[in-house]
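Residue strings, one per chain:
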Amino acid sequence: MGRLRLTGSGAEAFLDRLLTRKVAGLAPGKIRYSLVCNETGGILDDVLVYHLQTRGRGDYYLLVVNASNRDKIYQWLLKQRQTGEEVNIADSTIETAMIAVQGPAAIGFVQPLASAEIGALAYYTGTEMNVCGAAAIVSRTGYTGEDGCELIVPAEIATTVWKQVLSHGQSAGAMAVGLGARDTLRLEAAMPLYGHELSEEINPIQAGLSFAVNLEGRDFIGCNALAAAKQNPPTQVRIGLELSGKRAAREHYPVFANGNPIGEITSGTFSPTLQKPIAMAFVPPQHSQPGTDLTIDIRGTTEHARVVPLPFYKRPS
């Protein structure tokens, strides 16, 4: 994930005219999910906005963006600055590392490495503290649908922190996992992924992200297009599908209703948790109700699928 740091007296107002959710009033320590859109309402990226404080140096904002979009969003932000606007934008991705520690036991085995109580942090909050003796940011966030935290540490100690996390988590079965495992978990939790459920051709209303669009009394890039999108039913909406067979439906596989093509798969896998293939797709609204029977072409073979509510899996409360 990319990490962009914004400082200066104009940072709050700057973000407020760019993001789909308000930054004004976001208290220090709070984190908010938001979207960056273009003028037509298409999604440039989905982001996490951190409002943080550095002791003795005041407030700042941190944007956590998708790694593949890091330079695109950084360059776009630079172009949005207006004359006289006091906002500094720095890309701190290379000088830091972000380690996601996820799962029901995660907090317990990260805590010995931290200088403050991680368990005291509420969901979607974060703060500066020391990790393995170095200045870091710890947040109760993640992209798996599970409990846990994310650590932003100096790049030079990233390997040390990584090894310490795994060592302390050994008794709980902690292990290193890659993007494949992360992708399976986020799909089970129905979290959209840029380049799949999100793109510059898809707006937040289609993607089922209306909660992340705050229009009232605001003027941000794309707001007029999104206001119109809220008034007009989308031609395609995001749905969840469970397949009756064992084969997984992959990205771009066509979806059919009564033999007619109506959409395509955006993400699909075999769910280890549910022990069945699951997928997300975009289809017309009239085919989006849970219980609707559809079919998917998997390499020339028709597979039955049924629309189900999202998320596929929600961790026990």
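Here goes a summary of the coordinates provided. (Residues numbered from 1 in each chain as written. Predicted model: local features only at pLDDT ≥ 70, side-chain atom pairs only at ≥ 80, totals over all residues. Heavy atoms only, no water.)

1. Quick look at the overall build of the chain
Phase 1: Within the chain, the regular secondary structure consists of six helices and 15 strands.
Phase 2: A globule of 317 residues ought to have a C-alpha radius of gyration of about 20 Å, and the chain, at 21 Å, matches this closely.
Phase 3: Considered along the principal axes of its C-alpha atoms, the chain spans approximately 65 × 55 × 30 Å.
Phase 4: Taken across its 317 residues, the chain has 50% of its residues classed as buried.
Phase 5: Look at the contacts in the chain between residues 6 or more apart in sequence, and 62% of them connect residues 24 or more apart.
Phase 6: Accessible area for the chain stands at about 14900 Å²; split by element, carbon and sulfur atoms hold 50% of it.
Phase 7: Of the side chains in the chain, 28 bear a positive and 30 a negative charge, and the two mean positions are spaced by 3 Å. (Helix = DSSP H or I, 4+ residues; strand = E, 2+ residues; numbered from the N terminus. Rg over C-alpha atoms; globule rule 2.2 N^0.38 Å. Buried < 20%, exposed > 50% of the residue type's maximum accessible area, 1.4 Å probe, protein only. Contact = heavy atoms within 4.5 Å. Areas by Shrake-Rupley, 256 points an atom, 1.4 Å probe, with all protein chains shown as cover. Lys, Arg positive; Asp, Glu negative; His and termini not counted. Charge placed at Lys NZ, Arg CZ, Asp CG, Glu CD.)

2. Regarding the pattern of salt bridges
Phase 1: Under the definition given, this model contains 10 salt bridges.
Phase 2: Note that Asp91 and Arg70 form a salt bridge whose closest N and O atoms lie 2.5 Å from each other. Remark: Arg70 occurs in helix 2 (residues 70-80) and Asp91 occurs in strand 5 (residues 88-91); sequence separation between them is 21 residues.
Phase 3: For Asp91, a relative accessible area of 22% translates into the label partly exposed.
Phase 4: Looking at Arg70, the relative accessible area reads 24%, which means it is partly exposed.
Phase 5: Look at the salt bridges and you will find they share partners, linking Asp183, Arg186 and Glu197 into a network. (Salt bridge = Lys/Arg side-chain N within 4 Å of Asp/Glu carboxyl O.)

3. A short note on helix 6 (residues 223-231)
Phase 1: Buried residues of helix 6: Cys223, Leu226 and Ala229, and no others. An end-on view of helix 6 places all buried positions within 120 degrees of arc, on one side of the element. The exposed set on the far side of helix 6, more than 90 degrees from its buried face, consists of Asn224 and Gln231.
Phase 2: Against strand 2 (31-37) lie the buried residues of helix 6. (Arc of directions from axis to C-beta.)

4. Observations regarding helix 2
Since the α-helix turns once every 3.6 residues, residues separated by three or four places project in the same direction.
Phase 1: Taken together, the buried positions of helix 2 are Ile73, Tyr74, Trp76, Leu77 and Gln80. Seen from one end, helix 2 has its buried residues packed into an arc of 165 degrees, which puts them on one side.
Phase 2: Lining the buried residues of helix 2 we find strand 1 (2-7), helix 1 (11-16), strand 2, strand 3 (43-54), strand 4 (58-65) and strand 5.

5. Describing the pairing of strand 12 (residues 260-271)
Phase 1: For strand 11 (residues 254-257) and strand 12, the ladder comprises four bridges, and the chain directions are antiparallel. Bridge pairing links Pro254 to Glu264 in strand 12.
Phase 2: The antiparallel pairing of strand 11 with strand 12 creates a hairpin that spans two residues between the two strands, and Asn258 there sits at a positive phi of about 55 degrees.
Phase 3: Pairing between strand 12 and strand 13 (residues 276-283): seven bridges, direction antiparallel. Of the residues in strand 13, the one forming a bridge with Phe270 is Pro277.
Phase 4: Hairpin connection between strand 12 and strand 13: a loop of four residues separates the two successive antiparallel strands, and Gln275 in this loop has a positive phi of roughly 55 degrees. (Pairing = 2+ DSSP bridges.)

6. Let's talk about the nonpolar core
Phase 1: Core analysis: the biggest nonpolar cluster contains 24 residues, and Tyr33, Leu35, Tyr50, Ile137 and Leu198 have the highest contact counts within it.
Phase 2: Among the elements of the structure, strand 2, strand 3, strand 4 and helix 6 are those that each provide at least two residues to this core.
Phase 3: For Ile137, the residues in contact, after removing those within four places along its chain, are Tyr50, Leu52, Tyr60, Leu62, Thr127, Glu128, Glu150, Leu151 and Ile152. (Core = buried A, V, L, I, M, F, W, Y, C linked by side-chain atoms within 4.5 Å.)

7. Comments concerning the side chain of Gln111
Phase 1: Take Gln111: it is sitting in the loop between helix 3 (106-110) and strand 7 (126-131).
Phase 2: By relative accessible area, which is 19% here, Gln111 ends up buried.
Phase 3: Side-chain polar atoms of Gln111 contact the backbone oxygen of Ala116, separated by 2.8 Å. (Polar contact = N/O pair within 3.5 Å; in protein donor to acceptor, adjacent residues only side chain to side chain.)

8. Describing the sheet that holds strand 14 (residues 293-298)
By definition, the strands of a sheet pair up through backbone hydrogen bonds, in either a parallel or an antiparallel sense.
Phase 1: Strand order in this closed barrel of six strands is 10-13-12-11-14-15, and the pairing throughout is antiparallel. Sheet twist, expressed as the average angle between the axes of neighbouring strands with direction ignored, equals 45 degrees.
Phase 2: Contacts from helix 5 (residues 179-188) reach strand 12 and strand 13, with the element oriented near 120 degrees to strand 12. (Axes fitted to C-alpha atoms, helices over the stretch in contact; angles between N-to-C directions.)

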